[in-house]
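Read off the chains here:
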Amino acid sequence: MAELRLEGVGKRYGGRGEVVALEPVDLAVRDGEFITILGPSGCGKTTMLHVIAGLVPPSTGSVWLDGTDITDLDPRDRDMAMVFQNYALYPAKTVRGNLEFPLRMRGVPRRERARRVEEMAHVLGLTPLLDRLPRQLSGGQQQRVALGRALIRRPRVFLMDEPLSNLDAKLRAQMRGEIKRLHRQFPITTIYVTHDQAEAMALSDRVAVMNRGVLVQVGPPAEIYHRPSHVFVAGFVGAVPMNLARVRLHRVEDAVECLFPGGQRAVRVRLDGTPPADAAAVLGVRPQHARWAARPSDDGVPWIPAVVEDIDIVGEESYVLARVEHGPLLSVLDRAGTAAPGQSIAIAFEPAAVHLFDEATGHAVPVERVTAARRGDSPAYP
Ligand SMILES: Nc1ncnc2c1ncn2[C@@H]1O[C@H](COP(=O)(O)OP(=O)(O)OP(=O)(O)O)[C@@H](O)[C@H]1O
Ligand SMILES: [Mg+2]
């Protein structure tokens, strides 16, 4: 059992505490949970992990493990294992020697050590490599030894700081699968740090998104993706970035019309609660939730006239990049694959998949999840 809780944990550096590495944060990690700290470089991920490990004392707050305050406990007494980005294997020890070392340090008897090494090597596909030295291994194999060495003594908490960032893209994807499988086999409470949103989404039970020392949103991957609570999360998560465009909200009866700076109607939505009158907001729509046509159809939603500037090919899919006059450049999934630069098109958003954020605070403005404005409310095309 290992349930980890951070209560108001913050960290400041500098003589007068002028560098805020981590704003006070509350976070509860369930026993056996795999949680990822996701955010850009310098946002405080490593700081949080080091406070949990006891390598760095927090400036405020406390760290709890299974109901015990461990804030001042020595790192060696926390029973946590950490894998760093620059994992250092013992160069003069074989794979077997590296895996065995933590058990030796804890005085585990020889036969038990041998059994656990065999087991871990089998799980990680390292059995044929047990007698090799680290320099005789590929990067991915070395990384697997580092993971095995950390896990072999079954720590209460497993901490990983960007453990895959030294590997190439293909190996990263493969190791991602291995880490997931490993966690299923040994469900140890895990905190995994990465700046790679795809990695976070693929691995985690929950993702904790950080920006500039602030924990912005914590939730399961699907929630983070579909219901971002802040414009930062909306922009950071997703293989293809969400369209984020400035709009003015204009109240029309019981709904609001979102207008681009040039006055073009973008979409009409209903808000949960009273729509603000003429407020500034940021409209967010994923390219997958927008469609385009050479000619708009009469289906009751506003169609946005735009001119294709470019076609972006991302693997199997391609995206149309089209400019709205006096408005934003929009990215739209190109299902038909027939758009050409210079072509005039019309774009429509799925009202049910539209996000709105307060322009000043970045916080989500709750949108009522209804489909389309009522037919005949307004002309389909201006
Ligand atoms: N010992 C220190 N003294 C002063 N400032 C520090 C110290 N350690 C970290 N910082 C600052 O705290 C902030 C957070 O650093 P941290 O290493 O936690 O970021 P990170 O999210 O892990 O970034 P990366 O993805 O680049 O590893 C940064 O602005 C960093 O410069
Ligand atoms: Mg870091």
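Residues numbered from 1 in each chain as written. Chains lettered and ligands numbered in written order. Predicted model: local features only at pLDDT ≥ 70, side-chain atom pairs only at ≥ 80, totals over all residues.

Caption draft 1: How the structure looks around the site of ligand 1. Taken together, Y13, V19, A21, G39, S41, G42, C43, G44, K45, T46, T47 and H195 make up the full set of residues near ligand 1. Elements with a minimum of two residues in the shell around ligand 1: β2 (19–29) and α1 (45–53). The biggest single contributor to the shell around ligand 1 is α1, with three residues. (Near = placed C-beta within 6 Å. Helix = DSSP H or I, 4+ residues; strand = E, 2+ residues; numbered from the N terminus.)

Caption draft 2: Focus on the packing of helix α2 (residues 95–105) against helix α3 (residues 110–123). Interhelical geometry of α2 versus α3 gives an angle of 130° and a closest axis separation of 10 Å. As the angle between them shows, α2 and α3 are arranged oblique. The hand of the α2/α3 crossing is right-handed. Residues R96, L99, E100, L103 and R104 of α2 touch α3, and the partners they reach there are R113, R116, V117, M120 and A121. (Axes fitted to C-alpha atoms, helices over the stretch in contact; angles between N-to-C directions. Parallel < 35°, antiparallel > 145°, perpendicular 65-115°, else oblique. Left-handed = near helix turned anticlockwise from the far one by under 90°. Contact = placed C-beta atoms within 7 Å.)

Caption draft 3: How the structure looks around unusual backbone geometry. Positive phi values are uncommon outside glycine, yet R154 reaches one of about 50°. With respect to the secondary-structure elements, R154 resides in the loop between α4 (139–151) and β7 (157–161). Residue class for R154 comes out exposed when judged on the 12 C-beta atoms lying within 10 Å of it. One non-glycine residue, R212, adopts positive backbone phi at about 45°. Checked against the element boundaries, R212 lands in the loop between β9 (206–211) and β10 (214–219). Residue classification places R212 among the partly exposed residues on the basis of 14 C-beta atoms within 10 Å. (Buried ≥ 20, exposed ≤ 12 C-beta atoms within 10 Å, placed from the backbone.)

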